[in-house]
Structure formats: structure tokens, C-alpha cells
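Below, each chain spelled out in residue letters.
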Amino acid sequence: MHHIFLNMNKKETFGEIIRFGIVGTLAAAIHYGIYWVLQHWINVNVAYTIGYALSFLMNYYLSAHFTFKEKTSAKNGLGFGAAHLTNYLLHMVLFNFFLWIGVSRELAPIAVLFIAVPTNFVLVRFVFKHLNKK
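Anyway, here's the lowdown on the structure attached to this text. (Residues numbered from 1 in each chain as written. Predicted model: local features only at pLDDT ≥ 70, side-chain atom pairs only at ≥ 80, totals over all residues. Heavy atoms only, no water.)

**Here's the deal with the nonpolar core**
Heads up, the rule is: By nonpolar core we mean a set of buried residues, namely Ala, Val, Leu, Ile, Met, Phe, Trp, Tyr and Cys, connected to one another through side-chain atoms within 4.5 Å. Three exposure classes are used, based on accessible area relative to the maximum for each residue type with a 1.4 Å probe and protein chains only: buried under 20%, partly exposed in between, and exposed over 50%. What counts as a helix is a DSSP run of H or I of at least four residues, what counts as a strand is a run of E of at least two, and both are numbered from the N terminus.
In terms of nonpolar packing, the biggest core is built from eleven residues, these being Tyr 35, Val 44, Ala 47, Tyr 48, Met 92, Leu 94, Phe 95, Phe 98, Ala 108, Val 112 and Ala 116. For this core, the secondary structure elements donating two or more residues are helix 2 (44–67), helix 3 (74–100) and helix 4 (108–130). The dominant element in this core, judged by the number of residues it contributes, is helix 3, at four residues. Counting ten residues, the second-largest nonpolar core is a separate cluster that includes Phe 80, Phe 121, Val 127 and Phe 128.

Written as C-alpha cells, this is what we have:
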């Protein structure tokens with residue numbers, strides 16, 4: 001992963017991080033909002049998954065066009081999906097871990113974000129900046 005960051009322009013990378021934060025905040029708000037409503041009526045893992053899936057769709061489009069200034073394509077769509085599958089699995093493990101240790105259903109998703117967001121940035125940046133160049 002270190003080589004992903006070797007050829008980065010600091011100004012470009014800073015802009016990507018800021019835009020990633022904006023898109024990520026919007027995606028997290030959509031994810032959490034959907035989860036919060038649904039967790040009152042259905043299993044928390046199902047509610048969390050539905051929220052994640054719906055926020056994923058918006059996240060892909062905005063990540064491509066706004067964050068990384070790239071066109072959507074089958075290649076980066078598959079890469080984004082693979083990165084987010086990894087991210088989703090990380091989310092679910094952390095979400096259930098936080099619930100298991102006693103974090104409330106309302107706060108567990110927020111705790112997950114502190115670990116999953118930086119990990120996801122590296123994975124998604126790799127998809128849009130490294131895979132698109134090959």
C-alpha cells in the first residue's frame with residue numbers, strides 16, 4: 001500500500017481527503033439515518049446492512065465524480081464494490097463487537113466509523129487512482 005502514496009501530489013491528496021470527508025459524512029449520515037429508523041422494527045444487523053447498501057450507491061457515484069474526479073466504469077465499479085465488500089465486512093465485525101461489549105445500538109455505528117473510515121479511504125483511493133492507471 002505504501003507505493004500508492006509515493007507519487008501523490010500533496011495538494012491533490014489534501015483535496016481528495018477533504019472531498020472524501022464530505023462524501024463520507026453524507027454517506028454515513030444516510031447509512032445511520034436509515035439504520036436508526038429501521039433498527040426499531042427489524043434486526044439491527046439487517047437494518048445496518050440496508051443502510052449500508054443504500055448509502056453505497058450514492059457513495060460510488062460521488063466518490064468517482066466528486067472525490068477522485070474520475071469517470072464511472074465497470075472496472076472502478078467492480079473495484080469500488082470489492083473495496084466496499086471488504087469495508088462492509090469490517091463494519092459488521094466491528095458493529096457486532098461493539099454491541100457485544102455493551103455499546104448501545106445507537107452509538108455502535110458511530111464507533112465503527114472511527115476505524116472503518118480511514119481504512120476505506122485507502123482502499124477506495126487505490127481503486128480510483130491505481131487501478132484506473134493500469
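**Overview of the side chain of Asn 59**
Condition: Residue contacts are counted whenever heavy atoms from the two residues lie within 4.5 Å of one another.
Along the polypeptide, Asn 59 turns up in helix 2. Here Asn 59 is in contact with Val 23, Ala 27, Phe 80 and His 84, once residues within four sequence places are set aside.

**Comments concerning the packing of aromatic side chains**
Note the cut-off: The aromatic pairing rule takes the rings of Phe, Tyr and Trp, using the six-membered ring of Trp, and pairs them if the centres are within 6.5 Å, calling planes under 30 degrees apart stacked, those over 60 edge-to-face and the rest tilted.
On inspection of all chains with the given rule, the structure shows seven aromatic pairs. For the pair Tyr 52 and Tyr 88, a centre-to-centre distance of 5.4 Å together with 55° between the ring planes defines the contact as tilted. On the criterion of sequence distance, the pair formed by Tyr 52 in helix 2 and Tyr 88 in helix 3 is long-range, its members being 36 residues apart. What links up through ring pairs into an aromatic cluster is the set Tyr 32, Tyr 35, Tyr 48 and Phe 95.

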